[in-house]
Amino acid sequence: MKPHKIAVIPGDGIGVEVIAEGLKVLQAAGQKAGVSFDLEQFPWGAGYWLEHKVALPPDALDILGRFDAIYLGAVGLPDQVPESVGVGQVVLGIRSGFDQFANVRPVQPVGGCPWYLQHRKSEDIDFVVIREATEGFYCNIGGRYAPAAAEVADIIPMRPAFVRSKEIALQTGVFSEFGCRRVIRYAFELARRRDGRKRVTSTTKSNALTHAMGMWDQIFEQVAGEYPDCEHEWAHVDALAMRFITNPERFDVVVASNLFGDILTDLSAVLVGGLGFAPGGNLSETGPSMFEPPHGSAPDIAGKGIANPIAAILTAAFMLECLDELEAAGLIRRAVALVVEAGEVLTPDAGGTATTEQVGDAIATMLQQ
Ligand code: IPM
Ligand code: MG
């Protein structure tokens, strides 16, 4: 079998630490399931910018385009490098560069993970959040202006505070009809494929953001009509955030635009034990997909060896699944579940005293058994 070509971008901070463990477990799973990888590491990110004044080389997308998948840790050194550079060029640049429109973030607790809800059991919760990942408020369109500047004076109905300000900032969200329909369809297709409740929940805020979210709501209703075998429902994002806590068991597939999905998936990560347990991936239909845990580079704990590698390890399992290596993916998930269930080798966020490396070793060892 031909090896899977995987570009590895560990990034900054704990990204480097957790990807090392993710690769260890990936290799162990590959060995056991007879899958091989052709891995190439790229040192791009905020740290790279400190030396080279670019976060990645100009031909980065050409290089990455030759791979089957990208495995990314986390990018950002916010105290030293502007976020628009590290995060903007690498994470957001790759997502939009390869049109990775579907950011998939499963919410499936592994038995024994930290549990924050008193009124629900972990085994009742199993859903996935699909976040549109290429448009919305992440298009970086806007600017900072004097209120009297022609660019803004002509389009903004002035309010007292605007007039009294030295500057005003605009951040424009761009929502395309194609982009909304594509990600909503993806959510319904997933609901069909999943062995779940066949229910898609859409979230917007069309009572306040009438143009863009009004269009999203309309498209959602149209697409729902194409999937009569699936239930559909919608909730404003504020109400949905509440229901993630009060009734998390009712969700199957949740679909959201970029910013709302970002916020909701930090919340949903808490339902699986925290960001240290939450995997994710950005899927493209035309180029390589990129698999990255939603947690950031966490500079506050970087270098201490205490970052939880499980999110990155489960992200590797998700990558294998998308590469159609179901056996290897299953081996990783099983090993993670057994180690978490045993509760002996866990990092401090999960109530343990183990290091990042010890957790990776325990999972890789469990996988051999
Ligand atoms: C995430 C992160 C990123 C995002 C940041 C680093 C730009 O929070 O993947 O959820 O907002 O998409
Ligand atoms: Mg986020």
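Peer 1: Describe the pairing of strand β4 (residues 102–107), with residues and values.
Peer 2: A regular strand places its side chains on the two faces of the sheet in alternate fashion. Of all the six residues making up β4, six are buried; the element is thus mostly covered by neighbouring parts of the structure. On β4, burial covers both faces: A102, V104 and P106 on one face and N103, R105 and V107 on the other are all buried. Of the pairings in the sheet, the one linking β4 to strand β5 (residues 127–132) comprises six bridges and is antiparallel in character. Looking at β5, one finds that R105 is bridged to V129. For β4 and strand β11 (residues 281–283), the ladder comprises three bridges, and the chain directions are antiparallel. Opposite A102, over in β11, you have L283 as the bridge partner.

Peer 1: Lay out the packing of aromatic side chains with the relevant residues and their values.
Peer 2: Following the criterion strictly, the structure yields ten aromatic pairs and no others. Taking the centre distance of 5.2 Å and the plane angle of 65° together, the rings of F127 and F244 count as edge-to-face. Linking F127 in strand β5 with F244 in helix α9 (residues 237–246), this pair joins segments that are 117 residues apart in sequence. As far as the burial class goes, F127 and F244 line up, both buried. Their ring planes at 80° and their centres at 5.7 Å tell us that F137 and F175 sit as a pair that is edge-to-face. With F137 in strand β6 (residues 136–145) and F175 in the loop between β7 (168–174) and α7 (177–193), this residue pair connects regions lying 38 residues apart in the sequence. You can call F137 partly exposed: its relative accessible area is 29%. The rings of F42, W44 and F67 are connected pair by pair, giving a single aromatic cluster. The ring of W49 has K53 sitting right over it, with the charged end atom 4.1 Å from the ring centre. Stacked on the ring of Y138, the Lys or Arg R131 has its end atom at 5.2 Å from the ring centre.

Peer 1: Let's hear about the site of ligand 1: which residues, and what values?
Peer 2: Neighbouring ligand 1 are V87, R95, R105, R131, Y138 and D262. Between ligand 1 and Y138, the relevant distance is 2.6 Å, taken from an oxygen atom to a side-chain nitrogen or oxygen of the residue. Between ligand 1 and D262, the relevant distance is 2.8 Å, taken from an oxygen atom to a side-chain nitrogen or oxygen of the residue. Compared with its free state, where it exposes 320 Å², ligand 1 has 76% of that area covered by protein. A per-class count over the shell around ligand 1 returns two nonpolar, no polar and four charged.

Peer 1: Which residues make up helix α12 (residues 326–342), and what are the values?
Peer 2: Between its first and last C-alpha, α12 extends 24 Å over 17 residues, near the 24 Å set by a 1.5 Å rise per residue. Those residues of α12 not exposed but buried are A328, A329, L331, I332, A335, V336, V339 and V340. One side of α12 carries all its buried residues, which in axial view fall inside an arc of 160°. For α12, the exposed residues lying more than 90 degrees away from the buried face are L326, E327 and E341. Positive backbone phi, approximately 70°, marks G343, located one or two places after α12.

Peer 1: Can you explain the pattern of salt bridges? Please cite residues and give values.
Peer 2: All told, the structure shown has 17 salt bridges when counted by the stated rule. Of the charged contacts, one joins R194 and D126 as a salt bridge, the two residues approaching to 3.5 Å between their closest N and O atoms. With R194 in the loop between α7 and β8 (199–204) and D126 in the loop between β4 and β5, this residue pair connects regions lying 68 residues apart in the sequence. Note on R194: relative accessible area 15%, which makes it buried. The residue R192 makes a salt bridge to D229 at a minimum N-O spacing of 2.8 Å. Of this pair, R192 sits in helix α7 while D229 sits in the loop between α8 (210–225) and β9 (231–236), and the two are 37 residues apart along the sequence.

Peer 1: Explain the sheet that holds β11 to me, and be specific about the residues and the numbers.
Peer 2: The mixed open sheet is built from ten strands, whose spatial order is β2-β1-β3-β12-β11-β4-β5-β10-β8-β9. With partners counted over all chains shown, the strands left at the sheet margins are β2 (37–41) and β9, one partner each. The mean inter-strand angle of the sheet, taken between neighbouring strand axes irrespective of direction, is 25°. With two bridges connecting them, β11 and strand β12 (residues 289–291) associate as antiparallel partners. From the neighbouring strand, G281 faces β12, where its bridge partner is F291. Contacting β8, β9 and β10 (253–256), α8 runs over the sheet at an angle of about 165° to β8.

Peer 1: Please provide a residue-by-residue account of the environment of V87, values included.
Peer 2: Among the secondary structure elements, V87 is positioned in helix α4 (residues 83–97). Each C-alpha atom, one on V87 and one on A46, is 7.6 Å from the other, the two residues being 41 residues apart in sequence. Residues contacting V87, with those up to four places away along its chain left out, are V75, G76 and L92.

Reading the values: the criteria
- Residues numbered from 1 in each chain as written.
- Chains lettered and ligands numbered in written order.
- Predicted model: local features only at pLDDT ≥ 70, side-chain atom pairs only at ≥ 80, totals over all residues.
- Heavy atoms only, no water.
- Buried < 20%, exposed > 50% of the residue type's maximum accessible area, 1.4 Å probe, protein only.
- Helix = DSSP H or I, 4+ residues; strand = E, 2+ residues; numbered from the N terminus.
- Pairing = 2+ DSSP bridges.
- Phe/Tyr/Trp six-rings, centres within 6.5 Å; stacked < 30°, edge-to-face > 60°.
- Lys NZ or Arg CZ within 6 Å of the ring centre and 35° of its normal.
- Near = heavy atom within 4 Å.
- Polar contact = N/O pair within 3.5 Å; in protein donor to acceptor, adjacent residues only side chain to side chain.
- Areas by Shrake-Rupley, 256 points an atom, 1.4 Å probe, with all protein chains shown as cover.
- Nonpolar A, V, L, I, M, F, W, Y, C, P; charged D, E, K, R; others polar.
- Expected span 1.5 Å × (residues − 1).
- Arc of directions from axis to C-beta.
- Salt bridge = Lys/Arg side-chain N within 4 Å of Asp/Glu carboxyl O.
- Axes fitted to C-alpha atoms, helices over the stretch in contact; angles between N-to-C directions.
- Contact = heavy atoms within 4.5 Å.

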